Amino acid sequence: MAEQKSSWVLMVTAQTPTNIAVIKYWGKRDETLILPINDSISVTLDPSHLCTTTTVAVSPQFTHDRMWLNAKEISLSGGRYQNCLREIRSRASDVEDEKKGIKIAKEDWDNLHFHIASYNNFPTAAGLASSAAGFACLVYSLAKLMNVKEDSGQLSAIARQGSGSACRSLYGGFVKWIMGKDDKGADSIAVQLVDENHWDELVILIAVVSSRQKETSSTSGMRETVETSPLVLHRAKEVVPKRVIEMEEAIKSRDFPAFARLTCSDSNQFHAVCLDTSPPIFYMNDTSHRIISCVEKWNRSEGTPQVAYTFDAGPNAVLIARNRKTAALLLQRLLFYFPPQSDADLSSYIVGDKSILKDAGIQDLKDVEALPPPPEIKDNIPTQKYKGDVSYFICTRPGRGPVLLTDESQALLNPETGLPK
Ligand code: DP6
C-alpha cells in the first residue's frame, strides 16, 4: 500500500428504495446464484417513506468484515452476504481521496476489511420486504466505495445473489427482472422500464395487517412450491410470459384498467400456487381477504378498476390507486372497515404521506367514526367493522432509485473510528 497515515477511515453512505412486484417472482432454477423461473416486474416505492440507508467503511485498522443492521451486530458468514462481497471485491478499482491523503490500489482491496451499518426507515417487524432494499443498498454503496465501474444492470446481477427481489431495487419507477438463459446468471439482470416520473399520478396505500402467525420465508416457500406444485410450471411457462408483455404495454401507455387487472390476477395466482404447494402455504389472512373483497366490490360497481391490490409473502395489502382522488376514496373505505383502536392517534395510524387524510376529509377520530358505509354495499347487508385488524397504513407513491448521501452527518458510522455512531 502507498505511503500514508495508517489510521484513516474512508466511507460512503447510500440510500436505496424497496419495491413491490406487480408480476411476481416465485421459484428458482438455481438456488445459489438465485436464478428465477420467470421474469418479474415491480414498482419502486418512494424512499422518503420506505428505504434502507447503508454506510460502508474501509480502514487498514479493521481486522474483519463486520455489519450492524438497525444498530445490532449481525453475522456476515451467510452464503448470500459472502457471494455479494466476493463479487463486488473482485470488481474493485484504484481509489484516491486526495483531501484525506488516501490511496488504495486495486490489488489492496483483497487485504482490506469493511464495516457496514444499515438502517431501515420502516419497522422490520411490519413484514415489509426489507431484504430487497438491504441487499441493493449494500451492493450499491460498496460499488461506490470501491470505484466499481459496472453499470446498474451488472450491479443488479450481484444484488440478485443477496436476494432475488433486490436486483429490482437498483432502479426507480417500473423495473423488469429478466430471468435470463445463462447458467452462470450473467443475463439475469434488472432493467428499468420507465422512470418514476412516467406515471406519477399513482398513489400507493399499504395496509400493514396485524398478524400473530409466523410466516414461511420467501426462500423456503418458493423452494417448496417448485418441488411440489404442479401449477407453478404452468404459471412460469404459459401465464407469466404473456402477462409480462401485456404489463409492459399497460405501464408504457398508462392504461390503468389493464394494469389493475394484471396486477390483481398475478397476485391471486401467486397465492394460488402457494395453496397448490404441499403442505399448502397461507400468506394472506382474513383481513387480507376482506381488503380484496372491498376493492373488488368497489371496482365492479364503478364498471372499471379504481384500485389494484397485490400481496407478497405475508398478509399486508399493497393497494395502488389510479390517482389521488381515488386514493382518498379508498382511504375512506379502508378506515370505515378498519378504524383505529379508540385510543389510537390518527397521525400514527396513517404514516408516510399524511396529506392523503386531508384529501379524504379526515381530521380526527370523530371524522372516522362518521364515515358512511361505502355506497356499493347493499342496504340489506349489515356492515361489520374490524377495529384493530390493521396495525397502520403507509401512504406512498412510485419513487426513485438508489442515491449517494454526501452529507457526512447522515452516515451511520463514526468517521474517526468506523464504528456505529
Ligand atoms: C413474493 O426476493 O425475498 O416478494 O430470492 O429467496 O431472497 P429470495 O426471495 P425474495 O422473494 C420475493 C418474493 C415475492 C415476490 C417478488 O418480490 O417478486
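Rules of the game
- Residues numbered from 1 in each chain as written.
- Predicted model: local features only at pLDDT ≥ 70, side-chain atom pairs only at ≥ 80, totals over all residues.
- UniProt positions renumbered as here; feature names shortened; annotations may be inferred.
- Helix = DSSP H or I, 4+ residues; strand = E, 2+ residues; numbered from the N terminus.
- Buried ≥ 20, exposed ≤ 12 C-beta atoms within 10 Å, placed from the backbone.
- Near = placed C-beta within 6 Å.
- Nonpolar A, V, L, I, M, F, W, Y, C, P; charged D, E, K, R; others polar.
- Domains from an automatic or database assignment.

An unreviewed UniProt entry lists the protein chain under the name Diphosphomevalonate decarboxylase, with Cinchona calisaya given as the organism. Under the Catalytic activity (unreviewed entry) heading, UniProt states for the protein chain: "(R)-5-diphosphomevalonate + ATP = isopentenyl diphosphate + ADP + phosphate + CO2". We quote the UniProt Function (unreviewed entry) comment for the protein chain here in full: "Performs the first committed step in the biosynthesis of isoprene-containing compounds such as sterols and terpenoids."

Caption draft 1: Geometry of unusual backbone geometry. At the junction of Ser-278 and Pro-279, the peptide bond is cis and its omega measures out at -5° in the coordinates. The residue Pro-279 is located in the loop between α6 (256-275) and α7 (286-302) in this model. Positive phi is not limited to glycine here, since Ile-34 has a value of about 55°. One can find Ile-34 in the loop between β3 (28-30) and β4 (35-36). Residue Ile-34 is classed as buried on the basis of its 24 C-beta neighbours within 10 Å. Within the chain, Arg-254 stands out as a residue other than glycine whose phi angle is a positive 50°. As for its placement among the helices and strands, Arg-254 is situated in the loop between α5 (230-252) and α6. Among the residues examined, Arg-254 registers 14 C-beta atoms within 10 Å and is labelled partly exposed.

Caption draft 2: Main features of the site of the ligand. Within the structure, the ligand sits among 15 residues, and Ala-21, Tyr-25, Ser-163, Gly-164 and Ser-165 are positioned closest to it. Partitioned by chemical class, the residues of the shell around the ligand number six nonpolar, seven polar and two charged. Of the residues that make up the shell around the ligand, three or more belong to each of domain 1 (10-196) and domain 2 (203-396).

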